[in-house]
Amino acid sequence: VRDTFMQNEAGNKDANPSHSNGIEQRFKLGLGFKANEKFSVHASLLHSALWGQSQSETGASFGGATGGQEENFMSVNEAYATWMMSEDFNLKFGRMNYGFGDGSVMSVNDWEAQPYSFEGVLGHYEAEFGRFQAFAFKYRDLRDSSATHPASGSSASPDPQHNAYGLVFDLKTMPDWLKMMN
């Protein structure tokens with residue numbers, strides 16, 4: 001639960017400054033199942049809401065199954081499997097949080113109501129001197145659901161999407177004056 005009180009949000013000193021107060025909540029449920037030493041699955045469900053009804057809601061109605069502004073909606077933030085292929089190498093696939101570079105390059109942003117999640121594959125190799133990670137994530141599927149068949153010329157690409165591919169190396173053995181290197 002987090003309370004945010006904003007005083008004079010617009011920064012206007014001449015007019016009557018406006019204030020706002022909002023209480024947010026986030027409930028995170030982590031689920032895990034370990035089939036054996038080599039294979040496990042993980043899921044995290046999130047429910048985020050602002051306390052109080054919105055102005056558009058009247059009485060006790062909530063405008064449908066997800067409730068007007070989706071305050072009764074629980075989403076799947078993560079749903080992935082981990083396969084330990086060897087003692088040093090494992091493979092994760094599915095929907096997962098991912099960050100590297102101390103969060104300054106790519107971050108989970110876990111303080112937000114809905115942290116970032118990526119669908120794809122992540123390979124992780126651990127050595128004594130460092131850690132290697134290779135990933136392939138599908139960021140966005142840009143296909144218009146109302147579009148006609150791609151062969152008819154409705155899109156420049158038959159499968160428009162944004163993807164990310166990366167290779168990350170983290171050095172573990174560093175001098176004291178160097179916090180991180182990747």
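Refer to the preceding data block for the structure.
K.L.:
Explanation requested: the overall build of the chain in the structure shown.
P.N.:
Secondary structure summary: the chain contains zero helices and eight strands in total. In the chain, the order of α-helices and β-strands from amino to carboxyl end is β-β-β-β-β-β-β-β.

K.L.:
Would you mind showing me how to read the nonpolar core here?
P.N.:
One broad trend across soluble globular proteins is that nonpolar side chains are buried collectively. Membership of the largest hydrophobic core is limited to 11 residues, which are Tyr 80, Met 96, Tyr 98, Phe 100, Met 106, Phe 118, Leu 122, Phe 135, Phe 137, Ala 164 and Val 168. Among the secondary structure elements, those contributing two or more residues to this core are strand 6 (118–126), strand 7 (130–141) and strand 8 (161–171). Residues contacting Ala 164, with those up to four places away along its chain left out, are Phe 135, Ala 136, Phe 137 and Tyr 139.

K.L.:
Can you walk me through the side chain of Ser 117 in this structure?
P.N.:
Relative to the helices and strands, Ser 117 resides in the loop between strand 5 (89–96) and strand 6. Taking the relative accessible area as the measure of exposure, Ser 117 reaches 15% and is therefore buried. At 2.5 Å, the side chain of Ser 117 and the backbone oxygen of Asn 77 are in polar contact. At a separation of 3.2 Å, a polar atom in the side chain of Ser 117 contacts the side chain of Asn 97. Residues in contact with Ser 117, not counting those within four places in the same chain, are Asn 77, Arg 95, Met 96 and Asn 97.

K.L.:
Help me understand the pairing of strand 4 (residues 74–84), please; the structure alone is not making it clear to me.
P.N.:
Two faces make up the sheet, and in a regular strand the side chains alternate between them. Pairing analysis gives nine bridges linking strand 3 (residues 39–50) to strand 4, with the strands arranged antiparallel. Bridge pairing in strand 4 places Leu 46 opposite Ser 75. Across six bridges, strand 4 lies against strand 5 in antiparallel orientation. Note that in strand 5 the partner of Met 84 across the bridge is Asn 90. In textbook terms, the turn of a hairpin is the stretch between consecutive antiparallel strands, and for strand 4 and strand 5 this stretch comprises four residues.

K.L.:
Just to check I follow, could you spell out unusual backbone geometry for this structure?
P.N.:
One can expect most non-glycine residues to show negative phi and most peptide bonds to be in trans. Here the phi dihedral of Asn 109 falls at roughly 55°; this positive angle occurs in a residue that is not glycine. Mapping Asn 109 onto the fold places it in the loop between strand 5 and strand 6. For Asn 109, a relative accessible area of 11% corresponds to the buried category.

K.L.:
Explanation requested: the packing of aromatic side chains in the structure shown.
P.N.:
Aromatic ring pairs are reported here in terms of the distance separating the ring centres and the angle at which the planes meet. Applying the stated rule across the entire model yields 11 aromatic pairs. With a centroid separation of 6.4 Å and 40° between ring planes, the pair formed by Phe 100 and Phe 135 is classed as tilted. Taken together, the residues span a long stretch of sequence, with Phe 100 in the loop between strand 5 and strand 6 and Phe 135 in strand 7 at a distance of 35 residues. Accessibility classification places Phe 100 together with Phe 135 in one group, the buried group. Centroid distance Tyr 125 to Phe 132: 6.3 Å. Interplanar angle 40°. Geometry classified as tilted. Among the residues examined, Tyr 125 registers a relative accessible area of 35% and is labelled partly exposed. Every member of this aromatic cluster is reached through a ring pair, and the members are Tyr 98, Phe 100, Phe 118, Phe 135, Phe 137 and Tyr 139. The ring centre of Tyr 80 lies 4.3 Å from the NZ or CZ of Lys 92, which sits over that ring.

K.L.:
Help me out: how do you make sense of the sheet that holds strand 7 in this one?
P.N.:
The pairing of strands in a sheet comes from backbone hydrogen bonds and takes either a parallel or an antiparallel form. Read across the sheet, eight strands follow the order 1-2-3-4-5-6-7-8 without closing on themselves; strand pairing throughout is antiparallel. A single partner strand is all that each edge strand has here, and the edge strands are strand 1 (2–7) and strand 8. If you compare each strand with its neighbour and ignore which way they point, the axes differ by 15° on average. Direction of pairing for strand 7 relative to strand 8: antiparallel, over a ladder of 11 bridges. Residue pairing in the sheet places Gly 130 in a bridge with Leu 171 of strand 8.

K.L.:
Whenever I open this one, the pattern of salt bridges confuses me. Can you help?
P.N.:
It is possible for side chains of opposite charge to pair when their charged atoms get near one another. In total, this model carries seven salt bridges according to the counting rule given. The partner of Arg 2 in a salt bridge is Glu 24, with the nearest N and O atoms 3.3 Å apart. Taken together, the residues Arg 2 in strand 1 and Glu 24 in strand 2 (residues 19–34) connect sequence positions 22 residues apart. Residue Glu 24 is classed as partly exposed on the basis of its relative accessible area, which comes to 30%. Measuring nitrogen to oxygen at the nearest pair gives 3.6 Å for the salt bridge that ties Arg 131 to Asp 170.

Cut-offs applied
- Residues numbered from 1 in each chain as written.
- Predicted model: local features only at pLDDT ≥ 70, side-chain atom pairs only at ≥ 80, totals over all residues.
- Heavy atoms only, no water.
- Helix = DSSP H or I, 4+ residues; strand = E, 2+ residues; numbered from the N terminus.
- Core = buried A, V, L, I, M, F, W, Y, C linked by side-chain atoms within 4.5 Å.
- Buried < 20%, exposed > 50% of the residue type's maximum accessible area, 1.4 Å probe, protein only.
- Contact = heavy atoms within 4.5 Å.
- Polar contact = N/O pair within 3.5 Å; in protein donor to acceptor, adjacent residues only side chain to side chain.
- Pairing = 2+ DSSP bridges.
- Phe/Tyr/Trp six-rings, centres within 6.5 Å; stacked < 30°, edge-to-face > 60°.
- Lys NZ or Arg CZ within 6 Å of the ring centre and 35° of its normal.
- Axes fitted to C-alpha atoms, helices over the stretch in contact; angles between N-to-C directions.
- Salt bridge = Lys/Arg side-chain N within 4 Å of Asp/Glu carboxyl O.

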